[in-house]
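Structure at a glance
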Amino acid sequence: MSAVVARIRAAGRAVPRITLLPLLLRAGIFLSALVGLLLAYPVEVLRGQLLVVPVVALLPAVGPRRFWPTVVALLTVAGWVLAIDGYGRPVALWRLLAVAAALYLSHTLCALVAVVPYDAVVDSALVLRWLLRAVAVLLGTAVLGVLLVELAGVGGEQGLQVVTVAGLVVAVLTTALLGWLLRRR
């Protein structure tokens, strides 16, 4: 029990020292996680859970170094699968891209906040460069995703297999590129 009391006292001492930019980054984590959850789950599931979803979206913003970002990402993906398979919602490209963008933004902001202390004075140029890089990744992914979806429609049922193989090739090439970049350092 003393560990819990010590954490509460430490949080009480830390609150007055919080600076604006880390707080805004945590708000960005909350908003991106909330948007991802709201877009992924069907309305029928969310109807009675108006307080649960914001609390779940708040968890990665409060603990970005812990397992909460992974839990929220998995819950978002589970909501997407539930909506498609359990409730028969058709796959809409805009919704797929929006959920993927929300997941990526939540992930990348958690990575940034995990290394930035809550009381740090952060140069806004650093955050701007980080966000511009994230937007570039999102745009590239959206373009590639739209191209792959268009390829899926070209060959009927055979087109889906081609797109699946193309997606696997892109994943393997991306993994190889990241491994090469890691070894290069």
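See above for the structure.
Our subject in this report is the structure included herewith.

Thresholds, definitions, all that
Residues numbered from 1 in each chain as written. Predicted model: local features only at pLDDT ≥ 70, side-chain atom pairs only at ≥ 80, totals over all residues. Heavy atoms only, no water. Helix = DSSP H or I, 4+ residues; strand = E, 2+ residues; numbered from the N terminus. Core = buried A, V, L, I, M, F, W, Y, C linked by side-chain atoms within 4.5 Å. Buried < 20%, exposed > 50% of the residue type's maximum accessible area, 1.4 Å probe, protein only. Contact = heavy atoms within 4.5 Å. Phe/Tyr/Trp six-rings, centres within 6.5 Å; stacked < 30°, edge-to-face > 60°. Axes fitted to C-alpha atoms, helices over the stretch in contact; angles between N-to-C directions. Left-handed = near helix turned anticlockwise from the far one by under 90°. Nonpolar A, V, L, I, M, F, W, Y, C, P; charged D, E, K, R; others polar. Arc of directions from axis to C-beta. Parallel < 35°, antiparallel > 145°, perpendicular 65-115°, else oblique.

**Brief notes about the environment of Ala 78**
Turning to its location among the elements, Ala 78 is positioned in helix 5 (residues 68–86). Separated by 37 residues in sequence, Ala 78 and Tyr 41 have C-alpha atoms that sit 8.3 Å apart.

**Points about the nonpolar core**
In terms of nonpolar packing, the biggest core is built from 11 residues, these being Leu 25, Ile 29, Ala 61, Leu 109, Cys 110, Leu 112, Val 113, Val 116, Ala 120, Val 122 and Val 127. Every element with two or more residues in this core is listed here: helix 2 (20–40) and helix 6 (93–115). Per-element tally for this core: the top contributor is helix 6, with four residues. When near neighbours in sequence (up to four residues on either side) are disregarded, Ala 61 contacts Arg 26, Ile 29 and Phe 30. Counting nine residues, the second-largest nonpolar core is a separate cluster that includes Leu 34, Tyr 41, Val 56 and Val 72.

**What about the packing of aromatic side chains?**
On inspection of all chains with the given rule, the structure shows one aromatic pair. Where Phe 67 meets Trp 68, the ring centres are 4.5 Å apart and the plane angle is 40°; that geometry is what we call tilted. A relative accessible area of 28% means that Trp 68 is categorised as partly exposed.

**So, the packing of helix 4 (residues 52–62) against helix 5**
Think of two packed helices as two axes; the pair is described by the angle between the axes and how far apart they sit. Contact geometry for helix 4 and helix 5: axes closest at 8 Å, N-to-C directions at 145°. As helix 4 runs across helix 5, the sense of the crossing is left-handed. Each of Val 56, Leu 59 and Pro 60 in helix 4 lies in contact with helix 5, whose residues at this interface are Trp 68, Pro 69, Val 72 and Leu 75. Residues that form the contact of helix 4 with helix 5 fall into these classes: seven nonpolar, no polar and no charged.

**A look at helix 4**
Buried within helix 4 we find Val 53, Val 56, Ala 57, Pro 60 and Ala 61. Considered in projection along helix 4, the buried side chains sweep an arc of 155° and stay on one side of the axis. Exposed side chains of helix 4 directed beyond 90 degrees from the buried face belong to Val 55 and Val 62. Here the buried face of helix 4 lies against helix 2, helix 3 (43–46), helix 5 and helix 6.

**Some remarks on the packing of helix 2 against helix 4**
With their axes 8 Å apart at the nearest point, helix 2 and helix 4 run at an angle of 140° to one another. The orientation of helix 2 relative to helix 4 falls into the category oblique. As helix 2 runs across helix 4, the sense of the crossing is right-handed. On helix 4, the residues touching Arg 26, Ile 29, Phe 30, Ala 33, Leu 34, Leu 37 and Leu 38 of helix 2 are Val 53, Pro 54, Val 56, Ala 57, Leu 58, Pro 60, Ala 61 and Val 62. Tallied by class, residues from the contact of helix 2 with helix 4 come to 14 nonpolar, no polar and one charged.

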